[in-house]
Amino acid sequence: MTEGLDLPTYEDVEEAADIIKGVANRTPMQTSRFLDSQLGVNVFIKCENFQRIGAFKFRGAYNYLSHLSSEVKSKGVITYSSGNHATATALAAKKLGIDATIIIPEDAPKIKIEASKEAGGNVVIFDRYTQNREDVAAEIQAKTGAHVFHHHKYVLAGQGTTGKELMEQVTERGHGPLDYLFIAIGSGGLISGCAIVAEKLAPECKVIGVEPEAGNNTQQSLEKGEIVHIETPRTIADGAQTQHIGPTVFEIVKTKVEKVITVTDEQLIDELRFFDEKMKLVVEPTGCLGLAGLRKMVASGEVPPNSKCGVIVSGGNVDMRKYFELIG
Amino acid sequence: MSQDLDLPTYEDVEEAAGIIKGVANRTPMQTSRFLDSQLGVNVFVKCENFQRTGAFKFRGGYNSLSHLTPKERDQGVITCSSGNHAQGIALSSRLLGMKATIIMPQDAPELKVNATKGYGGNVIFYDRYTESRETIAEDIQAKTGAHFIPPYNDKYVIAGQGTVGKELIEDVIDGGHGPLDYLFVCVGGSGLISGCALAAEKLAPGCKVIGVEPEAGDDAKQSLEKGEIVRIETPQTIADGAQTQRIGDVTFEIMKKKVEKIITVTDEQLVDELRFFGERMKLFVEPTGCLGLAGLRKLVDSGEVPANSNCGVIVSGGNVDVRKYCELLG
């Protein structure tokens, strides 16, 4: 089954790190004495809300587009996204001089739609509850000859640089390798890239995926042993409303991720408030999945005291009005 | 007149840096390509919202308590503050094994009261309309011998606050950008700007230190203009860390010589910066913490700060009630 898949390797992540160096931000890793004493573990938070375009997605988009041949670049690219990948592609494409068409759902946060336009992308809106984004992309491709991409090993390798940096930063601070790494799962690019890194840099590290309760397609896929497709879930985690993961992601998650757990929207709101009040960080709801998952597993006793736990905050792109509704 | 004042020097700031090392956070300096392209200058933001207790005040508190003799420590400390200084003293005392009594107005925000108690401070309330906090403090001092820690007009407090400017200037130079041309600092009691001006004079002598006050609370500006300390009524402004009625004689002496000027901004301008920090830089900042950037924006608009200048901006803290934050920006 895996012979058909072009799986990224750790070397692909290393290559991506070189390609994005000086272009993407090497975002800070932050800790909170309050959080550590509350949970009894050592938490290391990778702040991708400070990444260019406000989310980790820039890494994968830039790495992928950098690999295209001049011929393909000249025809432009098309991609679809719930938001952050859209803006990331728009900015990365602009930096590389490539025309980009971005297909975004109508109910994506306005801040994400505006950001994609601001970054120079041609935005095409669709209704995620009645239309199929792959179909919309295919229609445009038929007209323009542009190259459609979404997931690809170079995208996954780019996202993996997030985990690589986090592990390096934890080591630089004098701590040994991570015991756990908690990562949000939307389409699964981030966890795939980071799981490849963890396997290499911290082989004992348990990589835990966290999905919103209403959108647990990956959890179901792992349980069933095959990719499960769900209706678009209703959740405040708008970056994790994907209907199914792809075969490459499924393969990696099957073999390299310890388990996938879920958390409720209420738990995400609690983390939004925590990040705001205690760490002074503006984080988007999807970005709270990792910490909510850690908190759940500490509460259940599954993560023992003093464990070294990495948490990736995937982004900080949330409409202020929505943000206030949620935490106000 | 200044011979009677115990003025801090840059060496006091260096000493403070040694004392707080490993205790206070060496907070990050952050930049924003969007902001730089908007303003046409290079902005370096010192994020004291990430400091312990959520504001820079912890530095001055910890430095000043560290200078107490063992006997003084045993007698404990006392201060008057409803804000960040209270929390800074409460935590510092706990870390140094001292008792801290904090005198706060009855109507101080619950969030700040709880935070101070949470750090171990012993809170005593007073009615700000009928009682005098100075009298209450003196009574307690007479009984317990507790040492009073001023919120800003103290050499060791000022020196501690100066480490903010020292770190920022160092980080900017380490980043290969050369020394700062400007440093924008909010002014409440003026402890922060005084300390930072000492650091700037030594580490970036060409740097112009600009103080920023809320329009309604421009007592420091008036003082510099008049050549003597001006006292005002408690100003109405959302910048609750800059509602002081008067600056101190020690800080005034330093500012007279080392601060280029003090400007003011409106509450609306502060709200704009709150929004900018939240939306663009993903930073949760308190209104007072927005004074610096609002001031920079004003002087860029007026043409006073030329293009490509290296501009440091200190974000003093991030302690604002979430509900209040939402009201302001909603």
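Residues numbered from 1 in each chain as written. Chains lettered and ligands numbered in written order. Predicted model: local features only at pLDDT ≥ 70, side-chain atom pairs only at ≥ 80, totals over all residues. Heavy atoms only, no water.

### Focus on the overall build of chain B
Per the secondary structure count, chain B includes 14 helices and 10 strands. In terms of overall size, chain B behaves like a compact globule, its C-alpha atoms giving a radius of gyration of 19 Å where 330 residues would be expected to give roughly 20 Å. Here the C-alpha coordinates of chain B stretch approximately 60 × 45 × 40 Å along the principal axes. In chain B, which comprises 330 residues, the proportion classed as buried is 59%. Long-range pairs, those at least 24 residues apart, make up 73% of the contacts in chain B with a sequence separation of at least 6. Summing over all exposed atoms, chain B offers an accessible surface of approximately 13000 Å²; the carbon and sulfur share of this is 45%. Each charge class in chain B can be summarised by its mean position, and for the 35 positive and 45 negative side chains these summaries are 4 Å apart. (Helix = DSSP H or I, 4+ residues; strand = E, 2+ residues; numbered from the N terminus. Rg over C-alpha atoms; globule rule 2.2 N^0.38 Å. Buried < 20%, exposed > 50% of the residue type's maximum accessible area, 1.4 Å probe, protein only. Contact = heavy atoms within 4.5 Å. Areas by Shrake-Rupley, 256 points an atom, 1.4 Å probe, with all protein chains shown as cover. Lys, Arg positive; Asp, Glu negative; His and termini not counted. Charge placed at Lys NZ, Arg CZ, Asp CG, Glu CD.)

### Description of the packing of helix H3 (residues 57-66) of chain A against helix H5 (residues 84-96) of chain A
Residues and elements named next belong to chain A. Where H3 meets H5, the axes come as close as 8 Å, and the angle between the chain directions of the two elements is 40°. Comparing the axis directions of H3 and H5 gives the class oblique. The interaxial crossing formed by H3 with H5 has right-handed handedness. Within the contact between the two elements, H3 uses Lys57, Phe58, Ala61, Tyr62, Leu65 and Ser66 and H5 uses Asn84, His85, Ala88, Thr89, Leu91, Ala92, Ala93, Lys95 and Leu96. Looking at the contact of H3 with H5 residue by residue, the classes come out as 9 nonpolar, 4 polar and 2 charged. (Axes fitted to C-alpha atoms, helices over the stretch in contact; angles between N-to-C directions. Parallel < 35°, antiparallel > 145°, perpendicular 65-115°, else oblique. Left-handed = near helix turned anticlockwise from the far one by under 90°. Nonpolar A, V, L, I, M, F, W, Y, C, P; charged D, E, K, R; others polar.)

### Concerning the pattern of salt bridges
Enumeration according to the criterion identifies 33 salt bridges over all chains in this entry. Between Glu302 of chain A and Lys259 of chain A there is a salt bridge whose closest N-O contact spans 2.8 Å. Here Lys259 of chain A lies in strand E9 (residues 259-263) and Glu302 of chain A lies in the loop between helix H13 (289-299) and strand E10 (308-313), a separation of 43 residues in the sequence. Judged by relative accessible area, which is 38%, Glu302 of chain A ranks as partly exposed. Notably, a salt bridge pairs Glu170 of chain B with Arg26 of chain B, separated by 2.9 Å at the nearest N-O pair. Within this pair, whereas Glu170 of chain B is found in helix H8 (residues 155-174), its partner Arg26 of chain B is found in the loop between helix H1 (10-20) and strand E1 (29-30), the two being separated by 144 residues in sequence. Look at Glu170 of chain B and you get partly exposed, because its relative accessible area is 24%. The class for Arg26 of chain B is partly exposed, based on a relative accessible area of 47%. (Salt bridge = Lys/Arg side-chain N within 4 Å of Asp/Glu carboxyl O.)

### Some remarks on the interface of chain B and chain A
Listed per partner, the contact involves 25 residues of chain B and 25 residues of chain A. Approximately 2000 Å² of surface area, both sides summed, lies buried where chain B meets chain A, with 57% of it carried by carbon and sulfur atoms. Interface area lost by chain B to chain A is led by Arg33, Lys282 and Val322 of chain B, which between them contribute 33%. At the boundary of chain B with chain A, the tally comes to 1 salt bridge. With a shortest N-O distance of 3.1 Å, Arg280 of chain B and Glu118 of chain A are connected by a salt bridge. Inspection of the region where chain B meets chain A yields 9 residue pairs in polar contact (both at pLDDT 80 or more). Looking at the side of chain B that touches chain A, the elements with two or more residues in it are helix H2 (33-39), helix H12 (267-280) and helix H14 (322-329) of chain B. A per-element tally of the side of chain B that touches chain A places H14 of chain B first, with 5 residues. Residue composition of the side of chain B that touches chain A, grouped by class: 11 nonpolar, 8 polar and 6 charged. (Buried area = accessible area lost by both parts, 1.4 Å probe. Polar contact = N/O pair within 3.5 Å; in protein donor to acceptor, adjacent residues only side chain to side chain.)

### Looking at the sheet that holds E1 of chain B
Sheet strands pair by backbone hydrogen bonding; their relative direction is either parallel or antiparallel. Residue and element names in this part refer to chain B. The strand order across the open sheet built from 6 strands is E1-E2-E10-E7-E8-E9, with neighbouring strands paired in mixed fashion. Looking along the sheet, the strands with just one partner apiece sit at the ends: E1 and strand E9 (261-265). Note: strand E8 (residues 208-214) against E9, 5 bridges, orientation parallel. Residue Pro214 lies in a different strand from E9, and its bridge partner there is Val265. Contacts from helix H9 (residues 191-203) reach strand E7 (182-186), E8 and strand E10 (310-315) within the one sheet, and its direction differs from that of E8 by about 170°. (Pairing = 2+ DSSP bridges.)

### A short note on helix H7 (residues 133-144) of chain A
Residue and element names in this part refer to chain A. For H7, which comprises 12 residues, the first-to-last C-alpha distance of 17 Å matches the rise-based estimate of 16 Å (1.5 Å per residue) to within 8%. When we look at burial in H7, the residues that qualify are Val136, Ala137 and Ile140. Angular distribution of buried residues about the axis of H7 spans 95°; they occupy a single face of the element. The outward face of H7, more than 90 degrees from its buried face, is lined by the exposed residues Glu139 and Ala142. If you follow the buried residues of H7, they end up packed against strand E3 (77-80), strand E4 (100-105), strand E5 (122-126) and strand E6 (147-148). (Expected span 1.5 Å × (residues − 1). Arc of directions from axis to C-beta.)

### Things to note about a negative patch on the surface
All names here are of chain A. A cluster of acidic residues, Glu11, Glu14, Glu15 and Asp18, forms a negative patch on the protein surface. By the element assignment, Glu15 lies in helix H1 (residues 10-20). Classification of Glu15 as partly exposed rests on a relative accessible area of 33%. (Patch = residues over 30% accessible without salt bridge, like charges linked within 9 Å, V, L, I, M, F, W, Y side chains within 5 Å.)

### Quick notes on the environment of Val313 of chain A
Residues and elements named next belong to chain A. If you trace the backbone, Val313 turns up in strand E10. Between the C-alpha atom of Val313 and that of Val210, which follows or precedes it by 103 residues, the distance is 12 Å. Once residues lying within four places of it in the same chain are set aside, the contact partners of Val313 are Ile45, Lys46, Cys47, Glu48, Asn49, Phe275, Val283 and Gly287.

### Brief notes about the sheet that holds strand E2 (residues 42-47) of chain A
Residue and element names in this part refer to chain A. Pairing is mixed across the open sheet formed by 6 strands, whose spatial order is E1-E2-E10-E7-E8-E9. Bordering the open sheet on either side are strand E1 (29-30) and E9, each of which pairs with just one other strand. When strand E8 (residues 206-212) meets E9, the two strands line up parallel, connected through 5 bridges. Paired with Glu211 across the two strands is Thr262, which belongs to E9. Relative to E9, helix H12 (residues 265-279) is tilted by about 85°, and along the sheet it contacts E1, E2, E9 and E10.

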